[in-house]
Amino acid sequence: MSLLLSGLNNEQLKAVTLQDQSALVLAGAGSGKTRVLTTRIAYLIQSRQVSPHSILAVTFTNKAAKEMLIRISAMLPINTQGMWVGTFHGLCNRMLRAHYQDAGLPQAFQILDSADQLAVIKRVLKDINADIEKFPPRQVQWFINNAKDGGIRGSQVEASDDFTRKMAEFYLVYEQQCNKEGVVDFAELLLRSYELLTRNEVLQKHYSGRFSHILVDEFQDTSQLQYKWLRLLAGAEASVFVVGDDDQSIYAFRGANTGNMKDFERDFNISEIIKLEQNYRSHGNILDAANTLIRNNNGRLDKNLWTSEGDGELLRVYNAPTDLDEAAFIVKEAKSLYAEGVKLSQIGLLYRSNAQSRVLEHALFNASLSYRVYGGLRFFERQEIKHALAYLRMIANPNDDNALLRIINFPARGIGARSLEQLKDSAKEKGGSLWQAALENRGGVVLNQELGDGTLISRIENRAAGIPKKGLNSFVFLIESMQQDCLELTLPEIIKHMLEHSGLVPHYNSQREGANRLENLNELINAVTSYIQEAEDSSLTAFLAHASLEAGEHQSGNDQDAIQLMTVHSSKGLEFHSVFLSGLEEGLFPHDNSRNEAGGLDEERRLMYVALTRAQRRMYLSFTQSRMLHGQTRYNIPSRFLKEIPEKLLKFLHPVQEPAATGRVSGEKNYRVDAPTRNSKLRMQGSASGILDSENLKWSIGQNVIHAKFGEGIIVNCEGGGSDGRVQVKFSQYGTKWLSLEYAKLTSA
DNA sequence: ACTGATTCTTTTTTT
DNA sequence: AAGAATCAGT
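Computed from a prediction, not measured in an experiment: that's the story for all the values here.

1. Some details on the overall build of chain A
Here is step 1 of the chain: For chain A, the count of helices and strands is 27 helices and 24 strands.
Here is step 2 of the chain: With 749 residues in all, chain A has 54% of them scored as buried.
Here is step 3 of the chain: In chain A, of all internal contacts separated by at least 6 residues, the share reaching a separation of at least 24 is 74%.
Here is step 4 of the chain: Carbon together with sulfur atoms contributes 47% to the accessible area of chain A, which is approximately 33300 Å² in total.

2. Some remarks on the protein's contact with DNA strand B
Here is step 1 of the chain: Within the structure, DNA strand B sits among 27 residues, and His89, Arg352, Asn593, Glu597 and His630 are positioned closest to it.
Here is step 2 of the chain: Close to the protein, within 4 Å, the atoms of DNA strand B are drawn from sugar and phosphate at a rate of 54%.
Here is step 3 of the chain: Between DNA strand B and His569, the relevant distance is 3.3 Å, taken from a base oxygen to a side-chain nitrogen or oxygen of the residue.
Here is step 4 of the chain: In this structure, Asn593 approaches DNA strand B through a side-chain N or O atom, which is 2.7 Å from a phosphate oxygen.
Here is step 5 of the chain: When residues of the surface near DNA strand B are traced back to their parent elements, those giving at least two are helix H18 (417–430) and helix H25 (568–571).
Here is step 6 of the chain: The greatest single-element share of the surface near DNA strand B, amounting to three residues, is contributed by H18.
Here is step 7 of the chain: Here the residues of the surface near DNA strand B are counted per class, giving six nonpolar, 15 polar and six charged.

3. Some points on helix H14 (residues 323–339)
Here is step 1 of the chain: Compared with an ideal rise of 1.5 Å per residue, which puts 17 residues at 24 Å, H14 spans 24 Å between its outermost C-alpha atoms and is within 8% of the ideal.
Here is step 2 of the chain: Among the residues making up H14, those that are buried are Asp323, Asp325, Glu326, Ala327, Ala328, Phe329, Ile330, Val331, Glu333, Ala334 and Leu337.
Here is step 3 of the chain: If you check the start of H14, you find a side-chain oxygen 3.1 Å away from the backbone N of Leu324, and it comes from Thr322.
Here is step 4 of the chain: Phi for Gly341, located one or two positions after H14, is positive at around 105°.

4. Thoughts on the nonpolar core
Here is step 1 of the chain: Among the nonpolar cores identified, the biggest contains 64 residues, and Ile214, Trp229 and Phe264 are the most heavily contacted of them.
Here is step 2 of the chain: Ranked by the residues each element gives to this core, the list is headed by helix H11 (residues 224–234), at seven residues.
Here is step 3 of the chain: With near-sequence residues (within four places) excluded, Trp229 lies in contact with Phe88, Leu91, Cys92, Met95, Leu190, Ser193, Tyr194 and Leu197.
Here is step 4 of the chain: By size, the runner-up hydrophobic cluster in this structure holds 52 residues, among which are Ile407, Leu504, Tyr508 and Ala547.

5. A word on the packing of helix H3 (residues 33–47) against helix H4 (residues 62–75)
Here is step 1 of the chain: At a minimum axis separation of 9 Å, H3 and H4 run at an interaxial angle of 50°. When the axes of H3 and H4 are compared, the pair comes out oblique. Like other packed secondary-structure pairs, H3 and H4 cross with a definite hand, here right-handed. Taken together, the residues of H4 that come into contact with H3 (itself represented by Thr34, Arg35, Leu37, Thr38, Thr39, Ile41 and Ala42) are Met68, Arg71, Ile72 and Met75.

6. Examining the pairing of strand E17 (residues 632–635)
Here is step 1 of the chain: Sheet topology places strand E16 (residues 615–629) next to E17; four bridges connect them, and they run antiparallel. Along E17, the bridge assignment pairs Arg627 with Arg634.
Here is step 2 of the chain: Here E16 folds back onto E17, and the loop between the two strands holds two residues, one of which, His630, carries a positive phi near 55°.

7. Digging into the environment of Leu96
Here is step 1 of the chain: Looking at where Leu96 falls in the secondary structure, it is placed in helix H5 (residues 88–98).
Here is step 2 of the chain: With a relative accessible area of 0%, Leu96 lands in the buried category.
Here is step 3 of the chain: Separated by 505 residues in sequence, Leu96 and Leu601 have C-alpha atoms that sit 38 Å apart.

8. A few points about the pattern of salt bridges
Here is step 1 of the chain: Scanning the model with the defined rule gives 45 salt bridges in all.
Here is step 2 of the chain: Between Arg123 and Glu181 there is a salt bridge, and its shortest N-O distance comes to 2.3 Å. Remark: Glu181 occurs in helix H8 (residues 162–181) and Arg123 occurs in helix H6 (residues 114–127); sequence separation between them is 58 residues.
Here is step 3 of the chain: Accessibility expressed as a relative area gives 15% for Arg123, which makes it buried.
Here is step 4 of the chain: Under the relative-accessibility criterion, Glu181 is labelled buried at 1%.

9. Some words on the protein's contact with DNA strand C
Here is step 1 of the chain: Surveying the vicinity of DNA strand C reveals the residues Lys122, Arg358, His630 and Gly631.
Here is step 2 of the chain: Sugar and phosphate atoms constitute 60% of the interface atoms of DNA strand C, taking the interface as everything within 4 Å of the protein.
Here is step 3 of the chain: A distance of 2.7 Å separates a phosphate oxygen of DNA strand C from a polar atom in the side chain of Arg358.
Here is step 4 of the chain: Here the surface near DNA strand C is built from residues that sort into no nonpolar, two polar and two charged.

10. Side note on the confidence of the model for chain A
Here is step 1 of the chain: Scored by pLDDT, chain A comes out at a mean of 83, with 84% of its residues at no less than 70.
Here is step 2 of the chain: Low pLDDT, under 50, characterises residues 693–697; the stretch is placed with four contacts to residues that sit more than four places away or in other chains.
Here is step 3 of the chain: Of the regions scoring below 50 in pLDDT, residues 720–724 engages in six contacts with residues more than four places distant in sequence or in other chains.

11. Digging into the packing of helix H10 (residues 201–210) against H11
Here is step 1 of the chain: It is at 7 Å that the axes of H10 and H11 come closest, and there the two elements cross at 80°. Our classification of the angle between H10 and H11 gives roughly perpendicular. For the pair formed by H10 and H11, the contact residues are Gln204, Tyr207 and Ser208 on the first element and Leu232, Leu233 and Ala234 on the second.
Here is step 2 of the chain: Looking at the contact of H10 with H11 residue by residue, the classes come out as four nonpolar, two polar and no charged.

12. Quick notes on the packing of aromatic side chains
Here is step 1 of the chain: Evaluated as defined, the whole model comprises 19 aromatic pairs.
Here is step 2 of the chain: Ring plane angle 50° and centroid distance 4.8 Å describe the contact between Phe60 and Tyr251, whose orientation is recorded as tilted. Pair noted here: Phe60 is in the loop between strand E2 (55–59) and H4 and Tyr251 is in the loop between strand E7 (239–244) and helix H12 (259–267), with a separation of 191 residues, a long-range link.
Here is step 3 of the chain: Looking at Phe60, the relative accessible area reads 17%, which means it is buried.
Here is step 4 of the chain: Overall, Tyr251 belongs to the buried group, its relative accessible area being 11%.

13. What to know about the environment of Leu607
Here is step 1 of the chain: Relative to the helices and strands, Leu607 is located in helix H26 (residues 600–612).
Here is step 2 of the chain: By relative accessible area, Leu607 is classed as buried at 1%.
Here is step 3 of the chain: Each C-alpha atom of the pair Leu607 and Asp247 lies 8.6 Å from the other, and the pair is 360 residues apart in sequence.
Here is step 4 of the chain: The contact partners of Leu607, leaving out residues within four places of it in the chain, are Ile250, Arg352, Val568, His569 and Phe589.

14. Considering the side chain of Ser282
Here is step 1 of the chain: Mapped onto the secondary structure, Ser282 falls in the loop between strand E8 (274–276) and helix H13 (284–294).
Here is step 2 of the chain: Not counting residues up to four positions away in its chain, the partners in contact with Ser282 are Leu287, Thr307, Thr613, Ala615, Gln616 and Arg617.

15. Observations concerning the sheet that holds strand E6 (residues 213–216)
Here is step 1 of the chain: Reading across from one edge, E3-E2-E6-E7-E1-E8 is the order of the six strands in this open sheet, with parallel pairing throughout. In the strand order of this sheet, the two ends are held by strand E3 (84–87) and E8, each with one partner. Neighbour-to-neighbour, the strand axes of this sheet turn through a mean angle of 15°, independent of strand direction.
Here is step 2 of the chain: Contacts from H12 reach strand E1 (23–27) and E7, with the element oriented near 150° to E1.

Procedures and definitions
Residues numbered from 1 in each chain as written. Chains lettered and ligands numbered in written order. Predicted model: local features only at pLDDT ≥ 70, side-chain atom pairs only at ≥ 80, totals over all residues. Heavy atoms only, no water. Helix = DSSP H or I, 4+ residues; strand = E, 2+ residues; numbered from the N terminus. Buried < 20%, exposed > 50% of the residue type's maximum accessible area, 1.4 Å probe, protein only. Contact = heavy atoms within 4.5 Å. Areas by Shrake-Rupley, 256 points an atom, 1.4 Å probe, with all protein chains shown as cover. Near = heavy atom within 4 Å. Polar contact = N/O pair within 3.5 Å; in protein donor to acceptor, adjacent residues only side chain to side chain. Nonpolar A, V, L, I, M, F, W, Y, C, P; charged D, E, K, R; others polar. Expected span 1.5 Å × (residues − 1). Core = buried A, V, L, I, M, F, W, Y, C linked by side-chain atoms within 4.5 Å. Axes fitted to C-alpha atoms, helices over the stretch in contact; angles between N-to-C directions. Parallel < 35°, antiparallel > 145°, perpendicular 65-115°, else oblique. Left-handed = near helix turned anticlockwise from the far one by under 90°. Pairing = 2+ DSSP bridges. Salt bridge = Lys/Arg side-chain N within 4 Å of Asp/Glu carboxyl O. pLDDT = per-residue confidence, 0-100. Phe/Tyr/Trp six-rings, centres within 6.5 Å; stacked < 30°, edge-to-face > 60°.

Take a look at the structure:
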């Protein structure tokens, strides 16, 4: 007991040992939040004799859930199986599986990831001949998910204008289609589960009676609906212990609602907020930078991180001519860190958007530094894996049209656009799924056997008569025989069976670039094997749900010492000895798209705050003058966030030699270290391509300039020469403008 | 119906 | 730049 609580500071101890009351813990970055949560669970079980069965813990990511279970198991020799620990989506899935009939779902309902959802929406829109130009599928998707997050069904949308009426109509048709196919999207998991508890009082009583202690991590990232779900589960009795940090709320785009923290205070009669402000992660200068930056946001719950450690190093700023130079710089620094004894896995390389990782990967690869990329294209999202999963989904729930369409002619079996069109028409006419239509359209004598949930299993009488090698019937027979053969098989056997019979392996064997894909298909067997080891439920359906909900975390090479590459978003919760934050440029970070959204800039700033607070000892901030993005070179000015960090905390690094003038070739650069001087402040060094005036070489693309009226900016384009010349300048405040050199008063910055 | 070529689109973050 | 979608030719 004393062992359990030793080493906690006063505030942490107070949070851990609270009596049966609800509590709000405001926990800054690196303040031991996870430790408090796990220790509290262990404390409840050990000292207060709370049954693990009565504990529900919600985390934001699957990784965090896993981590929590591991830590609890390390503290207590108990069986954690009775505890409900997981993400909102994972827990809702668990509940819906247990009560699928009450929830109005088939037993083997499948989960759509975002891409799957978009595919369904596109199909539906096409079916009803909607104007795709006027109503882009992505926007429809956004509308539907937003409505669901607000707890609103298609029939409940309040439409006052034509546009919304149309959206509501699409939403309704989409709902019908999903029901027909027995599939649910991410938001649906939450909404269904919520509706189940609202409608079914017996179930609601059951769960709220069972869970006497509910603990929520990353509470600032919960959505409206998730909060309502929590309240239902809590009922009147449970004590709810939530931990969060409003400064680290970075998922507003996905419905996260910081207001939940204030609502929680009110709804659960919180008299006192416990603040964890002592930071055990970073040195002082890094914390100072983060604290100063975040103070630019409004409406914060007040909080200031401090550390008992020293100031440590200054934050290092590097201005690279191009993204390639930036990557070269990072590689060089990482190498010397490694030489100094920093493990590669203790180096984090962060960026705002996934598109930035390619250049960095390339540089690391050429330098033979091992690295690991998180996010991006995940294992379960790869094309070949999606195909394999589609076969598996057809075995579990053949009404899944997405799955059917993906593989009905893959590998090719002679089912072209024409036959597909017929199949679609027939399905539309009958009002069923494509699979149902396919069953009715095929020849031969078939005895259908209907299971309770509407799934059709067919006994094939004419197998002996020969199975067609091509065409629709061949596909129907293939799936049916797979369904039958797999009835008695274990999960790994099912995967092997599918790989052997689907034709995917021979197909990729014959493809030129297929080796990698074959490897991944093989890896699928490993994925299943490791899944079985930890999962409680080793059914095919459970595995498929796992694949949808945890698209990311299956990656090989987990144990290798490697530099960690990821977006700032996915870095939340992690820490590194040294952190590189690349691409600190206006338009990229803060991102252009955030400018139009209310509160968008504040969210970007919180994102920056998250990035800064990942570093323990050393922080690198880099930006470039020009960057290749989406096939064209963009000229950017330094991020405003750099200017929000006190200059006395920064150390500017400069390349020694002038950068190459043109082209995307780049070698290693030397650089020297300067004390920060007035002139060094975030100024671009050197010049890039695009010389305008051969007479005096005065203006060039990428150059920083100051205009009497518009302030500072950067030249992004040039035209003409001499007195006719014009330059296009991107100003930090006034946007991009063409200026005539004859009139404009430009000075070099 | 299939293949290869060309055009078009997408470019923020994720359960 | 890279992938998806569409188109033309076989």
